[in-house]
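Here's the letter readout for the chains.
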Amino acid sequence: MGGKAKTEKMSVTLPKELAGEIRSIASQGEISSFFTEALEHYISYRKQKIALEKGFGAWKNESHPDLATPEDSAAYVRAIREADRERQQRLGGVSAK
């Protein structure tokens, strides 16, 4: 999003205290890039939050009876980790990053 892309000038109104804090950490020539970076992070956060809210309740316990208890879940994770260790051994100790 950032960089030398097409830009649009916007006017925003902020509380004086917040504007002062921004000026204390971003010099006059850096304020636009400060807002761009901050808003990119915030928009990403909001999109993730919306996706999580939309997906809430998608997991149905009756669809996953093998993961009904915390112990079941721990055993599932252990099995995945063991399968990964075995795969790493087959590949000569190389692990994915």
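All of the points below concern the structure found in this document. Small disclaimer: the values here were computed from a predicted structure and weren't measured. Each chain carries its own residue numbering, running from 1 in the written order of its sequence. At least 70 in pLDDT is required for a residue's local features to be given in this predicted model, at least 80 for side-chain atom pairs to be given and counted, and no such filter applies to totals for whole chains, interfaces and linings, which use all residues. As a convention, hydrogens and water are excluded, and side-chain values are obtained from all of the structure's heavy atoms.

### Observations concerning the overall build of the protein
The helix count covers DSSP runs of H or I at least four residues long, the strand count covers runs of E at least two residues long, and both are numbered beginning at the N terminus. Per the secondary structure count, the protein includes three helices and zero strands. Starting at the N terminus and ending at the C terminus, the protein contains elements arranged as α-α-α. Throughout, radius of gyration means the C-alpha value; the globule benchmark is 2.2 Å times the number of residues raised to the power 0.38. Computed over the C-alpha atoms, the radius of gyration of the protein is 24 Å, more than 25% above the 13 Å expected from 2.2 N^0.38 for a compact globule of 97 residues. Principal-axis analysis of the C-alpha atoms places the extent of the protein at approximately 55 × 40 × 25 Å. Counting over 97 residues, the protein shows a buried share of 5%. Exposure classes here rest on a 1.4 Å probe applied to the protein chains alone. A residue is buried below 20% of its type maximum, exposed above 50%, and partly exposed in between.

### Comments concerning helix α2 (residues 31-55)
Working rule for helices: expected span equals 1.5 Å times residues minus one. With 25 residues, α2 extends 36 Å from end C-alpha to end C-alpha; this agrees with the ideal 36 Å at 1.5 Å per step. Just beyond α2, the residue with positive phi is G57, at close to 90 degrees.

### Here's the deal with the packing of aromatic side chains
Two aromatic rings, drawn from Phe, Tyr or Trp (for Trp, its six-membered ring), form a pair once their centres lie within 6.5 Å of each other, and the interplanar angle then sorts them: stacked below 30 degrees, edge-to-face above 60, tilted otherwise. Summed over all chains, the structure comprises two aromatic pairs. With 5.9 Å between their ring centres and 90 degrees between their planes, F34 and F35 make a pair best called edge-to-face. Under the relative-accessibility criterion, F34 is labelled partly exposed at 27%. Taking relative accessible area as the criterion, F35 reaches 27% and is therefore assigned partly exposed. Each ring, one from Y42 and one from Y45, has its centre 5.8 Å from the other, and the planes form 40 degrees; the classification is tilted. Note that Y42 and Y45 are positioned in helix α2 at a spacing of three residues, about one turn of the helix. Under the relative-accessibility criterion, Y42 is labelled partly exposed at 41%.

### Comments concerning a nonpolar patch on the surface
Patch rule: a residue counts if its relative accessible area is over 30% and it has no salt bridge; like charges are joined within 9 Å, and nonpolar side chains (Val, Leu, Ile, Met, Phe, Trp, Tyr) within 5 Å. Working definition of accessibility: Shrake-Rupley area with a 1.4 Å probe, residue cover restricted to the visible protein chains. Between Lys or Arg on one side and Asp or Glu on the other, a salt bridge is scored when a side-chain nitrogen of the former is within 4 Å of a carboxyl oxygen of the latter. Residues M10, V12, L14 and L18 make up a contiguous nonpolar surface patch of about 390 Å² in total accessible area. Position of M10 among the secondary structure elements: in the segment before α1 (16-25).

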